[in-house]
Structures are given as C-alpha cells and as structure tokens.
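# Structural description and commentary
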Amino acid sequence: EKGTYPYYMLKEIDEQPAVMRKLVLKYQDEEGKLSIDPEIVSTMMNSDRIYIIAAGTSYHAGLVGKKLLEEMTNIPTEVHVSSEFGYHTPLLPEKPFFIFISQSGETADSRQVLVKMNELGHPSLTVTNVAGSTLSRESNFTLLLNAGPEIAVASTKAYTAQIAVLAILSEVVGIEKGLIDEPTMIHDLGIVANAMQTLVDEKDVIEELASEYLSITRNAFYIGRGMDYHVALEAALKLKEISYIQTEGFAAGELKHGTIALIEKGTPVIAIVTEQAVAGHTRGNLQETRARGAHTMVISMDGLDRPGDHIVIPKVNPLLSALVSVIPTQLLSYYCSLHRGNDVDKPRNLAKSVTVE
Ligand code: M6R
C-alpha cells in the first residue's frame, strides 16, 4: 500500500498534514472542544511532577512535550531516555505522573521503566500509535496517535503526532487548571497542517539542497537553541540513521565550547531559527562555523527570515514550531538517503521496534 510512492518514508512524510487534521477531530467532543479522558486530566492535576520516558525519536518528541506541558499546565516536567531511567532512577517526588511515549508501544527499554513504576504504584499514561500494545495495556491510561501504521524504520509522522497529542493534552489540562481562558489549539494545529502542506509541496527545492549539501560529506551538524535545538537532535538522528552520515544535533551556543574544532572546509552546518529571542545568537554561531569553512544552510521561520535563507517555514504558534521545522529536515534525510542508494525504509542494523534492552 505504498501506492505510487517509492518508499513508505516519503508517503508517511506526506501524510502529516492529514494526520494533524484527523487528530484534532479525534480529540474533539460534540461541542467542538478538545477533550481528554477526565481521569487522565485529574490525575495529572494531582501530580507534583511529570516524567516523560521514551527512546529515540519519541524521546525527542518528549523534549518538545516538556516545553508544552510546563508552559500550559505549570506542572514541572522532566524528560528521560528510558534505557537510563530504569536503572538510574532519580529521587522521585511524592506524586509523580509518568508519560510513556512510544510509537510501537513495544520498546523494551521503556517497558522496563513502566514495570518498575507499576511496582511502586505510580500512575502512568502511554502515548502510542498502537492500540493494545504492551505499554498501552500495562499503563493506567492511553492516548492514541491515530497516525495510521508507520512502516518506515525512520519515524516521521509518529513524531509530529506525538507532539500534537501532547499539545492537546497540555491545553486541556491548562484550561482545567484555569490557566488558559481562550483555547487556541484547534486553530493553531490547523495552521500547522497548512504549513506542513506548504513544505511537503516544496520537495524539489529540498531535494536540490540535499544534493548540494549532503551528497558527498561524511559528517554534518544541525544547530539551534531551545525548541530549535530539540528539532536539531531529531533532525540529526533522522539523517544519521538513513544516510549513515555522522551527524550531530547541537545546542548552537555550546559549539564554541569545544565541538567547533570539528568544523572543516565544507562541513555542512544547518541552523534552525524559529525563535525570536535567540535568532540573532544562533545566526552568530552559524557565522562562526562559516568563518571556519563550514557549508552553512538556514531553515528559518517567516518573519525571522533573512535574505539568503534556504528554507523559510510558514509562521505558526512558536510553541508548535517543531511540528513544522522538522518537515524539511525529514525531507533532507529522505533525499540524501535516496541519492546515496540506501534502502530508505530499512536502514542497516536497525529494526522498527526495539524489543531488547
Ligand atoms: O516505538 P518507539 O517510539 O518506542 O521507538 C523508539 C525508537 O526506537 C524510535 O523512535 C527510533 O529512534 C526510530 N528509528 C527513529 O527514527
């Protein structure tokens, strides 16, 4: 059922605007308001700290989710890689609430944490694409991504659906806590869907950039600050897993503290710039790499763009920028892998779900 698509990954990238629209509908009640199982909402409101536990791309969605949750619900939130958390558990508060993010719902690293937290009696929610999956069955609550099956090993539509579900959840809890008077999420996610569509329609431009920047290099960097840093981590994972280019996602300001030593003539450095407060700093950091020979590219948001930027994403609610800025990075990875003659959907050494610890 790839249809006319050469690879599932491309199909799944293209499905993202539709997934956003469908999700908003799925989480709407008869009155057209966003709604989440009240038991989930009250359990979260009753907790003193949220722990997001996940691996790989789902962990990167969690980093964005932390920002959304803290901003809209005011509940302190931590994000942890599941393979670290279970055996090196930090000191927990009295009433922690666990959110497991897992496309497959079968990741063993995440499950071992859930088993331990169940033993301790802590409440948990699984955000997953697979109804009836192990994590879903073994946690107290489930929120589904409704993204349709994701076949390509490289996760794309699950990442954006995970962030959207966390955004919806955050707004509903924020409203319930009296922190949000005028809900905007339905509208904002609609704008996001349109912005995604604009970008997936720009494949030609992005394919061209992939061949110009990534066709022969052995290494690459994505840089950004704040939300853009979180996307840089995801963009780097996506590029390395299917192109086999050694790629680092890096906090733009941290480069100069050592890693900039790796920049040579021609090293691709891609900056993501969607946040006003740090845009100038990130551009400055990019300039520092260019002065050392880097082949630089800028992905910026409309309104913060400058002449010469390579990809300008449409303006969206800054809290949701990751949903949109990630799209060109997915396409860059796809075309880079394709041009290198790799099996895009089945990269070497990897499986779709990782069921060993
Ligand atoms: O099914 P999960 O979301 O729990 O999987 C977690 C990771 O294994 C997964 O996101 C992996 O990093 C992907 N291959 C990334 O594209």
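Under an unreviewed UniProt entry, the name given to the protein is Glutamine--fructose-6-phosphate aminotransferase [isomerizing], and the organism recorded is Alkalibacterium indicireducens. According to the UniProt record, the Subcellular location (unreviewed entry) comment for the protein reads "Cytoplasm". On record in UniProt, under Subunit (unreviewed entry), the comment for the protein is "Homodimer."

Turning next to the overall build of the protein. Across its full length, the protein holds 13 helices and 10 strands. Since a compact globule built from 357 residues should have a radius of gyration of about 21 Å, the 20 Å found for the protein is in line with a globular shape. Overall, the C-alpha framework of the protein stretches about 55 × 45 × 45 Å when taken along its three principal axes. Taken across its 357 residues, the protein has 55% of its residues classed as buried. Considering only intrachain contacts with a sequence separation of at least 6, the fraction spanning at least 24 residues in the protein is 76%. With the model as given, the accessible surface of the protein reaches about 14,700 Å², and the carbon-plus-sulfur share is 50%. For the protein, the centre of its 31 positive side-chain charges and the centre of its 45 negative side-chain charges are spaced 5 Å apart.

The next subject is the pairing of strand E6 (residues 219-224). For E6, a buried count of 5 out of 6 residues is recorded, marking the element as mostly surrounded by other parts of the structure. Where E6 and strand E7 (residues 246-251) come together, 6 bridges link them in parallel fashion. Bridge pairing in E7 places Ala220 opposite Thr247. What joins E6 to E7 is helix H11 (residues 227-243), and the crossover it makes is right-handed.

Inspection of every chain in the model, using the stated rule, returns 12 salt bridges. Glu31 serves as the salt-bridge partner of Lys33, at 3.0 Å between the closest nitrogen and oxygen. Residue class for Glu31 comes out exposed when judged on its relative accessible area of 61%. Note that Asp309 is salt-bridged to Arg283, the shortest N-O span being 2.8 Å. Pair noted here: Asp309 is in the loop between strand E9 (295-301) and strand E10 (311-313) and Arg283 is in helix H12 (residues 276-291), with a separation of 26 residues, a long-range link. One exposure class covers both Asp309 and Arg283, and it is buried. When salt bridges with common partners are traced through the structure, they connect Lys11, Glu15 and Lys157 into a single cluster.

It is worth spelling out the sheet that holds strand E2 (residues 77-81) at this point. If you trace the 5 strands from one edge of the open sheet to the other, you get E2-E1-E3-E4-E5, paired in parallel fashion. Of all strands in the sheet, those with a lone pairing partner are E2 and strand E5 (141-144), marking the two edges. Taking each pair of neighbouring strands and ignoring which way they run, the sheet shows an average axis angle of 20 degrees. Helix H6 (residues 108-120) contacts strand E1 (49-54), strand E3 (96-102) and strand E4 (124-128) of the sheet and is inclined by roughly 155 degrees relative to E3.

In this structure, Ser337 sits in helix H13 (residues 321-339). Sequence spacing of Ser337 and Ser215 is 122 residues, and the spatial spacing of their C-alpha atoms is 9.0 Å. Beyond its immediate chain neighbours, meaning those up to four positions away, Ser337 contacts Ile242, Ser243, Asn342 and Val344.

Attention shifts here to the packing of helix H4 (residues 56-73) against helix H8 (residues 157-176). It is the contact of H4 with H8, at a shortest axis distance of 9 Å, that shows an interaxial angle of 20 degrees. Accordingly, the angle class assigned to the pair H4 and H8 is roughly parallel. In the crossing of H4 with H8, the sense of the turn from one axis to the other is right-handed. On H8, the residues touching Thr57, Ser58, His60, Ala61, Val64, Gly65, Leu68, Leu69, Met72 and Thr73 of H4 are Tyr159, Gln162, Ile163, Leu166, Ala167, Ser170, Glu171, Val173 and Gly174. Per-class residue counts for the contact of H4 with H8 are 10 nonpolar, 8 polar and 1 charged.

Residues Ile99 and Leu169 are the most contacted members of the largest nonpolar core, which totals 94 residues. Contacts of Ile99, omitting those with residues within four sequence positions, involve Met44, Ile50, Tyr51, Ile52, Ile53, Leu69, Leu125, Val127, Leu166 and Leu169. Listed in part, the 14 residues of the second largest apolar core include Ile223, Ile263, Val273 and Ala294.

Here we come to the site of the ligand. With respect to spatial proximity, 14 residues lie near the ligand, and among them Ser58, Ser102, Ser104, Thr107 and Glu241 are the closest. Bound to the protein, the ligand loses 91% of the 410 Å² it would expose on its own. Of all the secondary-structure elements, those providing two or more residues to the shell around the ligand are H4 and H11.

Turning our eyes to something else, we now look at the environment of Glu106. Checked against the element boundaries, Glu106 lands in the loop between E3 and H6. Among the residues examined, Glu106 registers a relative accessible area of 29% and is labelled partly exposed.

Procedures and definitions
- Starting afresh in each chain, residues are numbered from 1 along the sequence in its written order.
- Per-residue local features of the predicted model are confined to residues with pLDDT of at least 70, and side-chain atom pairs are confined, for both listing and counting, to 80 or more; whole-chain, interface and lining totals are unaffected and use all residues.
- Each side-chain value is derived from all of the structure's non-hydrogen atoms; neither hydrogens nor water enter the calculation.
- UniProt positions are given in the numbering used here, feature names are shortened, and annotations may be inferred rather than shown by experiment.
- The numbering of helices and of strands both runs from the N terminus, where a helix is a DSSP run of H or I of at least 4 residues and a strand a run of E of at least 2.
- Atoms counted for the radius of gyration: C-alpha only. Globule rule: 2.2 Å times residue count to the power 0.38.
- Only protein chains enter the accessibility calculation, which uses a 1.4 Å probe; a residue whose area is less than 20% of its type maximum is buried, one above 50% is exposed, and one in between is partly exposed.
- In this analysis, two residues are considered to be in contact whenever any of their non-hydrogen atoms come within 4.5 Å of each other.
- To be clear on the numbers: accessible area is Shrake-Rupley with a 1.4 Å probe, and residue cover counts the displayed protein chains and nothing else.
- Lys and Arg are tallied as positive, Asp and Glu as negative. Neither His nor the chain termini are counted.
- Positions of charges follow a simple convention, taking NZ of Lys, CZ of Arg, CG of Asp or CD of Glu.
- In this analysis, strands are considered paired if DSSP registers two or more bridges between them.
- Throughout, right-handed denotes a crossover for which the path from the first strand over the helix to the second runs clockwise when the strands point away from the viewer.
- Every case where a carboxyl oxygen of Asp or Glu lies within 4 Å of a side-chain nitrogen of Lys or Arg is listed as a salt bridge.
- Note on geometry: axes are lines fitted to C-alpha atoms, helical ones only across the stretch in contact, with angles between N-to-C directions running from 0 to 180 degrees.
- In what follows, roughly perpendicular refers to angles from 65 to 115 degrees, roughly parallel to angles under 35, roughly antiparallel to angles over 145, and oblique to any angle outside these ranges.
- Each crossing gets its handedness from the near helix: less than a right angle anticlockwise from the far helix is left-handed, clockwise is right-handed.
- Throughout this entry, Asp, Glu, Lys and Arg are counted as charged residues, while Ala, Val, Leu, Ile, Met, Phe, Trp, Tyr, Cys and Pro are counted as nonpolar. The remaining residues, Gly among them, count as polar.
- We call a set of buried Ala, Val, Leu, Ile, Met, Phe, Trp, Tyr and Cys residues a nonpolar core when their side-chain atoms join them within 4.5 Å.
- The nearness test applies per residue and asks whether one of its heavy atoms lies within 4 Å of the molecule or strand.

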